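What follows is the residue order along each chain.
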Amino acid sequence: MTERNTRQKQIILEAVRRREDHPTAEEIYSDVRKLDDRIGRATVYRNLNQLARNGEISSVDLVPEAVRYDRRNEYHHHFFCEVCGSVNDVPVEYSEAEDKKLEELTGFKVRRHEIIYRGICEKCLAEMKILQEG
């Protein structure tokens with residue numbers, strides 16, 4: 001079955017592309033509703049999944065946290081702040097050599113890998129420092 005390129009799908013795609021952060025489906029739904037209040041939650045979720053499956057956006061699965069969506073669809077890594085829940089791209093280069101290495105070791109066919117660094121972001125660290133000094 002061929003997927004249609006609907007007006008709703010285009011609105012949802014543009015909503016993702018306008019964001020600099022890694023929004024949840026609910027945040028995208030909120031943005032989309034400001035543009036067209038007739039688009040339902042199920043339509044947003046369904047189209048986000050289709051757009052990610054088709055490679056037009058990527059999804060960052062931070063289980064058990066909610067899936068986030070990213071306008072960047074080239075392979076890259078992320079940092080998850082365990083205090084405020086923010087997700088940021090990190091300036092660490094993706095290495096296809098790692099994929100090849102795993103293939104050689106296991107016989108698996110690797111399509112890509114994801115690295116999610118977890119810790120405390122700079123903003124939260126600064127706030128913690130202020131609280132400690134106060």
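Relevant structure appears above.
Here we summarise the structure given alongside this text. What you see is a predicted model; the values in this text were computed from it and never measured. (Residues numbered from 1 in each chain as written. Predicted model: local features only at pLDDT ≥ 70, side-chain atom pairs only at ≥ 80, totals over all residues. Heavy atoms only, no water.)

**Points about the overall build of the chain**
Put simply, the test is: The secondary structure listing takes helices from DSSP runs of H or I that are at least 4 residues long and strands from runs of E that are at least 2 residues long, numbered from the N terminus. Residue burial is assigned from relative accessible area. The probe radius is 1.4 Å, only protein chains are included, and a residue is buried under 20% of its type maximum, exposed over 50%, and partly exposed in between. Here, two residues are considered to be in contact whenever any of their heavy atoms come within 4.5 Å of each other. Computed by Shrake-Rupley with a 1.4 Å probe, the accessible areas treat only the displayed protein chains as cover when residues are assessed. Positive: Lys, Arg. Negative: Asp, Glu. His and the chain ends are not part of the count. The location of each charge is read from NZ of Lys, CZ of Arg, CG of Asp or CD of Glu.
A tally of regular secondary structure across the chain gives 5 helices and 5 strands. Secondary structure elements of the chain, listed N to C terminal, follow the sequence α-α-α-β-β-β-β-α-β-α. When its C-alpha atoms are laid out on the principal axes, the chain stretches across 50 × 50 × 25 Å. In the chain, which comprises 134 residues, the share counted as buried stands at 36%. Within the chain, contacts between residues at least 6 apart in sequence are counted, and of these 49% link residues at least 24 apart. Counting every atom, the chain has about 9,100 Å² of accessible surface; 50% of that belongs to carbon and sulfur. Put simply, the chain has 23 plus and 26 minus side-chain charges, and the middle of one group is 7 Å from the middle of the other.

**With respect to the sheet that holds strand β4 (residues 87-89)**
Just so we agree on the cut-off: At least two bridges found by DSSP between two strands is the condition for calling them paired. Note on method: axes are straight lines fitted to C-alpha atoms, helices fitted across the in-contact stretch only, with angles between N-to-C directions ranging 0 to 180 degrees.
Pairing in this open sheet of 3 strands is mixed, and the strands run β4-β3-β5 from one edge to the other. Each end of this open sheet is capped by a strand with a single partner; those strands are β4 and β5 (116-119). The average undirected angle you get between the axes of adjacent strands in this sheet is 25 degrees. Bridging between strand β3 (residues 78-81) and β4 involves 3 bridges; their strand directions are antiparallel. When the sheet's bridge partners are listed, H78 is paired in β4 with D89.

**Overview of the packing of aromatic side chains**
Which entries qualify depends on this criterion: Each aromatic pair joins two rings of Phe, Tyr and Trp (for Trp, the six-membered one) with centres within 6.5 Å, and gets the label stacked for planes under 30 degrees apart, edge-to-face for over 60, and tilted for any other angle.
The final tally for this structure, using the stated rule, is 1 aromatic pair. Taking the centre distance of 5.0 Å and the plane angle of 45 degrees together, the rings of Y75 and Y94 count as tilted. Here Y94 lies in the loop between β4 and α4 (96-106) and Y75 lies in the loop between β2 (68-70) and β3, a separation of 19 residues in the sequence. For Y94, a relative accessible area of 13% puts it in the buried group.

**So, empty space enclosed by the protein**
Definition in use: In the cavity and pocket records, a cavity denotes points on a 1 Å grid over the protein atoms alone where a 1.4 Å probe fits but cannot get out, a pocket denotes an open set with protein on both sides within 12 Å along at least 5 of 7 lines, and lining residues are residues with an atom within 4 Å of a point. Grid points are joined across faces, edges and corners, and a volume is the space filled by probe spheres set on the points. Residue polarity is assigned by list, with Asp, Glu, Lys and Arg as charged and Ala, Val, Leu, Ile, Met, Phe, Trp, Tyr, Cys and Pro as nonpolar; anything else, Gly included, falls into the polar class.
Enumeration over the complete set of coordinates arrives at 1 cavity of 30 Å³ or more. Computed from the structure, the largest cavity encloses a volume of approximately 90 Å³. Taken together, S58, S59, V60, E74, Y75, H76, H77, H78, R112, E114, I115 and I116 make up the lining of the largest cavity. Ranked by residues supplied to the lining of the largest cavity, first place goes to strand β1 (residues 58-60) with 3 residues. Split by residue class, the lining of the largest cavity holds 4 nonpolar, 5 polar and 3 charged.

**Looking at the pattern of salt bridges**
Stated precisely, the cut-off is as follows: We define a salt bridge as a contact between a side-chain nitrogen of Lys or Arg and a carboxyl oxygen of Asp or Glu at a distance within 4 Å.
All chains considered together, the criterion is met by 12 salt bridges. In this structure, E27 and R19 form a salt bridge, with 4.0 Å as the shortest nitrogen-oxygen distance. Look at E27 and you get partly exposed, because its relative accessible area is 31%. Its relative accessible area of 17% is what places R19 among the buried residues.

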